[in-house]
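Here is what each chain is made of, one letter per residue.
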Amino acid sequence: FGGGGGTFGISSSASAYMLLYRKVDAGQNRDMVPDNAIPDGLSDAIKEAEEAEKLEAERLRQERNRVSFTVHHGLVEKTISIDRASTYPQLIEKLLLDIPGLKGGDAGCVRLRKFARSSDVAHEVVGAGEDDLESSTVETLDLTHERLQVETRANTDTPWPTVDPAKVPVRVWVSEEMRSGGEAAPDGGPNFNAEPVLICVDKEAKVVDLKRELRLLYGVDAGDIVVVRAAKSGFRAESSLLDDNKASLKEGQYGRLDAERFFAARIPGGAGGVELSKIPLGAAVNAATNTATVIYTPPESEEPQAMAIDVSCTLADLKHRIAHVIGIPIDEFKVLRSGKELSNLKEALKDMSITWWGAPSRLIMEKGTPEKTGVHSVKVVLLDTAKQQAASRELCTMPVEEESSVVSVKRDIAQRMRDLKIEVGETEGIPHLRLRTMSWNSSLEPMKILVDEEDGKLGGPLTEGGQVAGMLFPKVMGVQILDAPESKTNRHDCVVELCRWKPSEWLVAKRRELLVRQSDSATQVSEALAEESGIDQGRLLVGKSNNWSGTARNELEDMTWKEGLGLLPSSSDNAIQALSLREGELYYYKEKNEGPKELTDEEASTAKSEVDEFKRARARDGGVSKKETGLTIKKGGADPLLQISGSPLDALQPRSVKEEPSGNPSPPSETAPEDMISDMSLKDPATAGMPLLEGIPVMDHRDKRHCPEDSPPA
């Protein structure tokens, strides 16, 4: 009995029912079984279950009544969990037991302040507004999910530093020469190696206010104090000389003053009117902002240690320095951050978000063999574009090294395909395969085509010649079977996929493609499309599908169609930029005055079924159907070709080997005529014999402009 299976991710559980009948007899019927009638074994089991249930209920009650927060003390960062009903003195006692460096201390010499990790600055004192702090609880103090910093004093006779809630603490790196009261900064520039000081100023403080505080602290004439502000710009700092005493300390009207960082040095007469980058002070500030503090915990130790290192250094450089301190070779320990191992030894620290900003990065050293660097587990998906709705299915999962060439990866995939009895041609040892990155959006769709460059690498930063950024290494890659070597030979070119739509015959042609060179103008591409299609530019309409897999015929007429790619005849902009072309997009084209065929009732029903099949296929792949759009003209330059965002891999559902791609029922009319097969003047795709993957043909990918029709495939 009960419900059946649901659709679209909604399911209902099946149910069963049992009816028990008994005779009503006052002499035999009982409301409950007496204890002496229960076997001892069953009675003991019931008691154990009840006791376990009570213990679990108590554990859950305590868990619900506990709160957690992070406490910072020196180099220590520790999560504390405590009952929300605990008083403030009980919290301090727990810290004296759990925090290294506080054990055995005097509770009267410890207090807590709220801590902003992003700016690495402590703010108001916890409980400052409480009338009776001794009886205040963790719950009334509202410490849940807070970050707290421990503040200590030498003894109870020493007064606590005053904290004015109306003022804002800012971090200032004061030069060593100014701290020591020595001579002015030497010709080599000031030294900012010392720890910063916290100076409290008004929220709307001016530069002169900070100089006044520095003069009181170090006895230096305010006219000789030079202040530099370092503002965060991405992952780097942009420094500016604050030579106007009346200027605001904040960078902008809406900026946070406690997030700003300042440098102060003594230069006789100041440095007004001088460009910061041309004086030693600028170089000293630049060196300081490129230095990060890393806090690491050695293996089998609870005592963290700190190390200053240039953010341009690699993880290998950091490991070598740490290995020298802890006495363990770099290949015998791992580096973990937030529970995840850092393994790319060639990656710079700044690219790993280990920077000068915020609180120091915290790393854990763990004994063991490090993960092999530069190796990724990649799912390979076989792409099928033979029918109206493109399909994909999983081929294999294989390890891919970042330093591998595209050719070597193709050879590896080709061998795996041949092991499955799938025929793959080759020319001069290079398999006739097309390798593509796949999107990480709501559905898995092909994107960038990787080329067989002689010096090109499959991984590594783009600036070093690789085609895929190391930090965005693909988890899924697509492969297509070609009938000849890859026609795209330059990574900056773009392959546009096209389909001819004949509404009067209710037919869609097989996919063709147009190779757009980096040097092609938008006008040249428009003319080439008109030439290949046999339709004059004035009568050529183009629309873009919202899905690489294709659009159902019933929805094609609702697309936004534009004439001749929407370009003026005089347009000479770079085509890839002017048309915002990206690989992985599918375009349809048709003749302007061609009207739709009048469908019979049977054909209309079939067309509606096709729409439903397309939607179901997109739902299986995790895609969401949206309204199709036309080709967008972008004169100001295109977005980057490679755009990757996060998506779960389980969106890829393997399909049955014998299954026809969804959304491709038999056309309502007769078989497509020959001109619908070769409307782009390209060779018809020849179906290769593939007994294990029936329906995946060889793809003819040649462009008539660059691969003449009379040249036989290699």
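Structure: see above.
Residues numbered from 1 in each chain as written. Predicted model: local features only at pLDDT ≥ 70, side-chain atom pairs only at ≥ 80, totals over all residues. Heavy atoms only, no water.

### Examining the overall build of the protein chain
Reasoning step 1: Broken down by element type, the protein chain carries twelve helices and 29 strands.
Reasoning step 2: Buried positions account for 44% of the 714 residues belonging to the protein chain.
Reasoning step 3: Here the contacts in the protein chain between residues at least 6 apart in sequence split such that 69% fall between residues at least 24 apart.
Reasoning step 4: Carbon together with sulfur atoms contributes 49% to the accessible area of the protein chain, which is approximately 37000 Å² in total. (Helix = DSSP H or I, 4+ residues; strand = E, 2+ residues; numbered from the N terminus. Buried < 20%, exposed > 50% of the residue type's maximum accessible area, 1.4 Å probe, protein only. Contact = heavy atoms within 4.5 Å. Areas by Shrake-Rupley, 256 points an atom, 1.4 Å probe, with all protein chains shown as cover.)

### Description of the side chain of Glu151
Reasoning step 1: Structurally, Glu151 can be placed in strand 5 (residues 147-152).
Reasoning step 2: Overall, Glu151 belongs to the buried group, its relative accessible area being 15%.
Reasoning step 3: For Glu151, the side chain forms a polar contact with the side chain of Arg111, separated by 2.7 Å.
Reasoning step 4: Within the local environment of Glu151, its side chain forms a polar contact with the side chain of Arg113, the two groups lying 3.4 Å apart. (Polar contact = N/O pair within 3.5 Å; in protein donor to acceptor, adjacent residues only side chain to side chain.)

### Some words on the pattern of salt bridges
Reasoning step 1: Under the counting rule described, the total for this entry stands at 33 salt bridges.
Reasoning step 2: As a salt-bridge pair, Glu146 and Lys114 come within 3.6 Å of each other at their nearest N and O atoms. On the criterion of sequence distance, the pair formed by Glu146 in the loop between strand 4 (121-125) and strand 5 and Lys114 in strand 3 (residues 110-116) is long-range, its members being 32 residues apart.
Reasoning step 3: Lys597 serves as the salt-bridge partner of Glu603, at 3.4 Å between the closest nitrogen and oxygen.
Reasoning step 4: What emerges from the salt-bridge pattern is a single network uniting Glu56, Arg59 and Glu63. (Salt bridge = Lys/Arg side-chain N within 4 Å of Asp/Glu carboxyl O.)

### Focus on the environment of Ile422
Reasoning step 1: In this fold, Ile422 is placed in the loop between helix 7 (406-419) and strand 18 (426-427).
Reasoning step 2: Taking relative accessible area as the criterion, Ile422 reaches 2% and is therefore assigned buried.
Reasoning step 3: The spatial distance from the C-alpha of Ile422 to the C-alpha of Ile481 is 9.8 Å, given a sequence separation of 59 residues.

### As for the sheet that holds strand 1 (residues 66-73)
Reasoning step 1: Taking strand neighbours across the sheet as the criterion, the five strands line up as 2-1-5-3-4 in an open arrangement whose pairing is mixed. Looking along the sheet, the strands with just one partner apiece sit at the ends: strand 2 (76-83) and strand 4. Strand-to-strand twist in this sheet, taken as the mean axis angle between neighbours without regard to direction, amounts to 45 degrees.
Reasoning step 2: For strand 1 and strand 5, the ladder comprises three bridges, and the chain directions are parallel. Across the sheet, residue Val71 finds its bridge partner in strand 5, namely Leu148.
Reasoning step 3: Sheet contacts for helix 2 (residues 88-98): strand 1, strand 2 and strand 3; angle to strand 2, the most-contacted strand, approximately 135 degrees. (Pairing = 2+ DSSP bridges. Axes fitted to C-alpha atoms, helices over the stretch in contact; angles between N-to-C directions.)

### Let's talk about helix 2
Reasoning step 1: By the burial criterion, the buried members of helix 2 are Tyr88, Leu91, Ile92, Leu95 and Leu96. Here the buried residues of helix 2 occupy an arc of 140 degrees about the axis, which is enough to place them on one side.
Reasoning step 2: The inward-facing, buried residues of helix 2 abut strand 1, strand 2 and strand 3. (Arc of directions from axis to C-beta.)

### Quick notes on unusual backbone geometry
Reasoning step 1: Non-glycine residue Glu300 carries a positive phi angle of around 55 degrees.
Reasoning step 2: By the element assignment, Glu300 lies in the loop between strand 11 (291-297) and strand 12 (305-310).
Reasoning step 3: Judged by its relative accessible area of 75%, Glu300 is exposed.
Reasoning step 4: In the Ramachandran plot, Ser353 falls in the positive-phi region, its phi being about 65 degrees despite a non-glycine side chain.
Reasoning step 5: Examined against the element boundaries, Ser353 turns out to sit in the loop between strand 14 (340-341) and strand 15 (361-367).

### A few points about the sheet that holds strand 20 (residues 433-438)
One key point about sheets: their strands pair by backbone hydrogen bonds, in either a parallel or an antiparallel sense.
Reasoning step 1: One open sheet accounts for five strands, arranged 17-16-22-20-21; its pairing is mixed. Single-partner strands in this sheet number two, and they are strand 17 (391-401) and strand 21 (446-450). Averaged over all pairs of adjacent strands, the angle between their axes in this sheet comes to 35 degrees, without regard to strand direction.
Reasoning step 2: Relative to strand 22 (residues 476-481), strand 20 is paired through five bridges, and the arrangement is antiparallel. Residue pairing for strand 22: Arg434 is matched across the bridge by Gln480.
Reasoning step 3: The strands that helix 7 touches are strand 16 (375-384), strand 17, strand 20, strand 21 and strand 22; relative to strand 17, the one it contacts most, it runs at about 120 degrees.

### What to know about helix 5 (residues 280-289)
Reasoning step 1: Of all the residues in helix 5, the buried ones are Leu281, Gly282, Ala284, Val285, Ala288 and Thr289. Buried residues of helix 5, viewed axially, fall in a sector of 165 degrees; they line one side.

### Focus: the pairing of strand 20
Reasoning step 1: With six of its six residues buried, strand 20 lies for the most part within the structure.
Reasoning step 2: Pairing of strand 20 with strand 21 involves three bridges; the strand directions are antiparallel. Bridge assignment links Met438 to a residue of strand 21, and that residue is Pro446.

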